[in-house]
Amino acid sequence: MKQKENPIIDVSNVYYRYEKETNWILEDINLTVYQGEWLAITGHNGSGKSTLAKCLKGLIMPEKGTISVLHWDTTDKEKLWDIRRTVGMVFQNPDNQFVGATVKDDVAFGMENSGIERQEMLKRLETSLKQVRMFDYVDREPHQLSGGQKQRVAIAGIIALEPSIIILDEATSMLDPEGRKSVMKLMRHLNKENNITVISITHDLEEVIHADRMIVMNDGKVIKEGKPRDLFQSTNDFEKVGLDLPFTIKLRRCLKEKGLEISDNALFEEELVNELWTLYSTN
Amino acid sequence: MNNLIIGQYFPGDSYLHRLDPRSKLISVFILVCIIFIANSWTTYGMLFLFTCISVAASKLPLRFIYRGLKPVFFILLFTFIVNVLSMDGGKPLIDYGVIHITSGGLVFSIFITLRITIIVMITTLLTLTTPPISFADGIEVLFSPLKKIKVPVHEFALMMSISLRFIPTLMEETDKIMKAQAARGSDLSTGPLRQRMKAIVPLLVPLFVSSFKRADDLAMAMESRGYRGDVGRTRFRELKWSSSDSIVLVLVIFLVTALILMRIRGI
Ligand SMILES: Nc1ncnc2c1ncn2[C@@H]1O[C@H](COP(=O)(O)OP(=O)(O)OP(=O)(O)O)[C@@H](O)[C@H]1O
Ligand SMILES: [Mg+2]
């Protein structure tokens, strides 16, 4: 097992609002992210997930409280660019984050900003595009790519910068199930093989069940935190904050309501199937 | 929508295509300036010959050059007629009512028309053989001395390349909005002009709103990828000055010197 005890991001008592004298958008957020883990952040629209992500990346500064990334405070102007380099972020809309005129220009954009030598750029360009399986499209222009392909290019642009942390802010919400699956598979690979810490922001609880840990946000507060398996033991709270439960969990609950003796443990389809077919043999 | 050519760039691998955008930009600039020195059959002939050789060196189908000239065809004709009718000199050729055409006026009109034709041809050639993005790069590098006096050259070039990149995106979006409005019964293609102009407003407003949203997102994405202006930046796209670029510049300078000398000598 890889080590997941080293904190890489530390958020303590953070408050944030876009305009003075309004309600807090983030209210007393406390959060630790560990090196190499997959953390899912979920919550309804407007619960402050993207705002929190922007804080973690140093794009906005908390009004109260502190955020440190690799022990650098995000308010430290001298370290700001180091922080932005450490934390890569993939945004929701694939079109609005494609800066370059072609795939290779776009992947190079971040590297140009970090002042990486051209030779090194070419090397990283190739490896990162091969990792997202977009190397054959290196000369394509954005309008010749599908949304999922653009999103992979965005990911390549981020991994070329070799960040320790990647934040996906609803990065797959505009993709079809196939595109979503392949992006998630890629991210899981990066998480496992390259030991990149992944913070995945999503509404989709199906995606969340694969995370190491999850937090649920509601109106700017963290209302739940823990392992998906533990949090999904009780399902009411998710529906209370307007989130749609994963299929397995719903099915599990329906079956229980019908009187079947199923534990609250099954998270994946396979586990539920296993429980079902062993249900009578154990009794 | 898919085979949309931004600008007019026509991909190819000719001598002109391979030239560095800087040498092309400089040459075209010099030629456009120098054309005003020409004032005789020989000098115009030389320039025209040079242009024709360039066209040949671009290996482009002639219809592309023709396509570049077509929009200005009316202007050419108009200039020609106005000049023929208004300029005097030399022998009278036709004298019929209000129409006076003299040999001097005719020659002068031919020169003027030729001048515009040559300018259009070489600029068309430039845009046909240079990808827009190299164009932006060339401009950035050529004007980079101006950075010293705080002209935002880098920002300008980036603006150019981003606009180029977003043209197809916005076209697609316009198409989408147009269809959406058509589905709501708005009619853009028929009816009197005034009515059609009015129908454009509901098209432009959503386009503007979404463009601002895009710009906002893009700025955030750029900043998040470490963009902080022209500070400590390396370049991925390289401009390579080769010997053919030097040759072209020497040729152009040679032509310019010849033209100036001929003008002084009155050839
Ligand atoms: N630039 C801004 N200026 C002012 N208010 C903003 C701005 N961006 C977001 N907000 C407000 O902050 C709140 C939280 O927004 P945020 O984008 O963080 O939500 P979110 O959880 O990411 O939602 P979604 O699931 O829709 O992406 C919302 O009420 C929103 O209206
Ligand atoms: Mg959001």
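Quick caveat: nothing in here was measured; it's all calculated off a predicted structure.

Quick look at the overall build of chain B
Thought 1: Broken down by element type, chain B carries 10 helices and two strands.
Thought 2: When its helices and strands are written in sequence order, chain B yields α-α-α-α-α-β-β-α-α-α-α-α.
Thought 3: Radius of gyration (C-alpha) of chain B: 24 Å, far over the 18 Å computed for a compact globule of 267 residues.
Thought 4: Across the 267 residues that make up chain B, the buried fraction comes to 39%.
Thought 5: Intrachain contacts of chain B at a sequence separation of at least 6 include 73% that bridge at least 24 residues.
Thought 6: On chain B, roughly 15700 Å² of surface is accessible, and the fraction owed to carbon and sulfur atoms is 71%.
Thought 7: Positive and negative side-chain charges of chain B, numbering 29 and 17 respectively, have mean locations separated by a distance of 3 Å.

Points about empty space enclosed by the protein
Thought 1: Across all of its chains, the model carries three cavities of 30 Å³ or more by this definition.
Thought 2: Considering only enclosed or pocket space, the largest cavity measures out at about 50 Å³ in volume.
Thought 3: Around the largest cavity sit Trp-81, Arg-84, Arg-85, Asn-113, Ser-114 and Leu-161 of chain A together with Arg-225, Gly-226 and Arg-228 of chain B, which together line it.
Thought 4: Considered class by class, the residues forming the lining of the largest cavity number two nonpolar, three polar and four charged.

Side note on the nonpolar core
Note on soluble globular proteins: their nonpolar side chains tend to be buried together.
Residues and elements named next belong to chain A.
Thought 1: The biggest cluster of nonpolar side chains holds 50 residues, and the ones touching the most others in it are Leu-129, Met-187, Phe-232 and Phe-238.
Thought 2: Every element with two or more residues in this core is listed here: strand E3 (38-43), helix H3 (103-113), helix H4 (118-131), helix H5 (147-159), strand E7 (165-169), helix H6 (177-193), helix H7 (205-208) and strand E9 (213-218).
Thought 3: Here this core gets six residues from one element, more than from any other, and that element is H5.
Thought 4: Counting 29 residues, the second-largest nonpolar core is a separate cluster that includes Val-33, Ile-60, Met-89 and Ile-201.

What about unusual backbone geometry?
All names here are of chain A.
Thought 1: Despite not being glycine, Glu-162 has its phi angle at roughly 50°, a positive value.
Thought 2: Inspection of the secondary structure puts Glu-162 in the loop between H5 and E7.
Thought 3: For Asn-195, which is not glycine, the phi dihedral falls at a positive 55°.

Description of the UniProt feature "domain: ABC transporter" (unreviewed entry) in chain A
Thought 1: Feature annotation in UniProt places "domain: ABC transporter" (unreviewed entry) on residues 9-244 of chain A, given in this structure's numbering.
Thought 2: Secondary structure within residues 9-244 of chain A divides into 35% helix and 24% strand; the distance between the first and last C-alpha atoms comes to 29 Å.

A word on the interface of chain B and chain A
Thought 1: With 29 residues of chain B in contact, the opposing surface of chain A contributes 36 residues.
Thought 2: Where chain B abuts chain A, roughly 3100 Å² becomes buried across the two surfaces, and 54% of that area is made up of carbon and sulfur atoms.
Thought 3: Broken down residue by residue, the surface that chain B buries against chain A is led by Arg-165, Arg-225 and Phe-236 of chain B, which jointly contribute 31%.
Thought 4: Across the contact surface, chain B and chain A share six salt bridges.

A few points about a nonpolar patch on the surface
Residues and elements named next belong to chain B.
Thought 1: A cluster of nonpolar side chains, Leu-77, Ile-81, Leu-85, Leu-93, Ile-94, Tyr-96, Val-98 and Ile-99, forms an exposed patch at the surface whose accessible area comes to about 810 Å².
Thought 2: Secondary structure elements with two or more residues in the nonpolar patch: helix H5 (73-86) and strand E1 (92-96).
Thought 3: Relative to the helices and strands, Val-98 resides in the loop between E1 and strand E2 (99-102).
Thought 4: Judged by relative accessible area, Val-98 falls into the exposed class, the value being 78%.

A look at the environment of Val-252 of chain B
Residues and elements named next belong to chain B.
Thought 1: In this structure, Val-252 sits in helix H10 (residues 243-265).
Thought 2: Take Val-252: its relative accessible area is 1%, and that puts it in the buried class.
Thought 3: Along the sequence, Val-252 and Ile-26 sit 226 residues apart, while their C-alpha atoms lie 9.5 Å from each other.
Thought 4: Among residues more than four places away in sequence, those in contact with Val-252 are Ser-27, Ile-30 and Phe-50.

Quick notes on the pattern of salt bridges
Thought 1: Evaluated as defined, the whole model comprises 31 salt bridges over all chains.
Thought 2: For Arg-17 of chain A, the salt bridge is made with Glu-63 of chain A, and the minimal N-O distance between the two is 3.1 Å. Residue Arg-17 of chain A is located in the loop between strand E1 (7-16) and strand E2 (26-34), and its partner Glu-63 of chain A is located in the loop between helix H1 (49-56) and strand E4 (64-69); the two are separated by 46 residues in the primary sequence.
Thought 3: Judged by its relative accessible area of 16%, Arg-17 of chain A falls in the buried class.
Thought 4: Measuring nitrogen to oxygen at the nearest pair gives 3.2 Å for the salt bridge that ties Arg-118 of chain A to Glu-238 of chain B. In this pair, Arg-118 of chain A is assigned in helix H4 and Glu-238 of chain B in the loop between helix H9 (193-224) and H10, connecting two distinct chains.
Thought 5: Classification of Arg-118 of chain A as partly exposed rests on a relative accessible area of 25%.
Thought 6: Accessibility expressed as a relative area gives 43% for Glu-238 of chain B, which makes it partly exposed.
Thought 7: The structure contains a network of salt bridges with shared partners spanning Asp-105 of chain A together with Asp-137, Glu-140, Lys-147, Asp-230, Arg-235 and Arg-237 of chain B.

Re the site of ligand 1
Residue and element names in this part refer to chain A.
Thought 1: Taken together, Tyr-18, Ile-25, His-44, Asn-45, Gly-46, Ser-47, Gly-48, Lys-49, Ser-50, Thr-51, Glu-170 and His-203 form the complete shell of residues around ligand 1.
Thought 2: Take Gly-46: an N or O atom from its main chain is 2.8 Å from an oxygen atom of ligand 1.
Thought 3: If ligand 1 stood free it would expose 630 Å²; the protein chains cover 61% of that surface.
Thought 4: The site holding ligand 1 turns out to be the second largest pocket.
Thought 5: The residue inventory of the shell around ligand 1, partitioned by class, reads two nonpolar, eight polar and two charged.

Overview of the environment of Lys-104 of chain A
Residue and element names in this part refer to chain A.
Thought 1: Structurally, Lys-104 can be placed in helix H3.
Thought 2: Among the residues examined, Lys-104 registers a relative accessible area of 26% and is labelled partly exposed.
Thought 3: As for Lys-104 and Ala-53, which are separated by 51 residues in sequence, their C-alpha atoms are 27 Å apart.
Thought 4: A polar contact of 2.5 Å, which involves the side chain of Lys-104, links it to the side chain of Asp-139.

Cut-off values and rules
- Residues numbered from 1 in each chain as written.
- Chains lettered and ligands numbered in written order.
- Predicted model: local features only at pLDDT ≥ 70, side-chain atom pairs only at ≥ 80, totals over all residues.
- Heavy atoms only, no water.
- Helix = DSSP H or I, 4+ residues; strand = E, 2+ residues; numbered from the N terminus.
- Rg over C-alpha atoms; globule rule 2.2 N^0.38 Å.
- Buried < 20%, exposed > 50% of the residue type's maximum accessible area, 1.4 Å probe, protein only.
- Contact = heavy atoms within 4.5 Å.
- Areas by Shrake-Rupley, 256 points an atom, 1.4 Å probe, with all protein chains shown as cover.
- Lys, Arg positive; Asp, Glu negative; His and termini not counted.
- Charge placed at Lys NZ, Arg CZ, Asp CG, Glu CD.
- 1 Å grid on protein atoms, 1.4 Å probe; cavity = no way out; pocket = protein on both sides within 12 Å on 5 of 7 lines; lining within 4 Å.
- Points joined across faces, edges and corners; volume = space filled by probe spheres on them.
- Nonpolar A, V, L, I, M, F, W, Y, C, P; charged D, E, K, R; others polar.
- Core = buried A, V, L, I, M, F, W, Y, C linked by side-chain atoms within 4.5 Å.
- UniProt positions renumbered as here; feature names shortened; annotations may be inferred.
- Buried area = accessible area lost by both parts, 1.4 Å probe.
- Salt bridge = Lys/Arg side-chain N within 4 Å of Asp/Glu carboxyl O.
- Patch = residues over 30% accessible without salt bridge, like charges linked within 9 Å, V, L, I, M, F, W, Y side chains within 5 Å.
- Near = heavy atom within 4 Å.
- Polar contact = N/O pair within 3.5 Å; in protein donor to acceptor, adjacent residues only side chain to side chain.
- Sits in = over half its atoms within 2 Å of the grid points.

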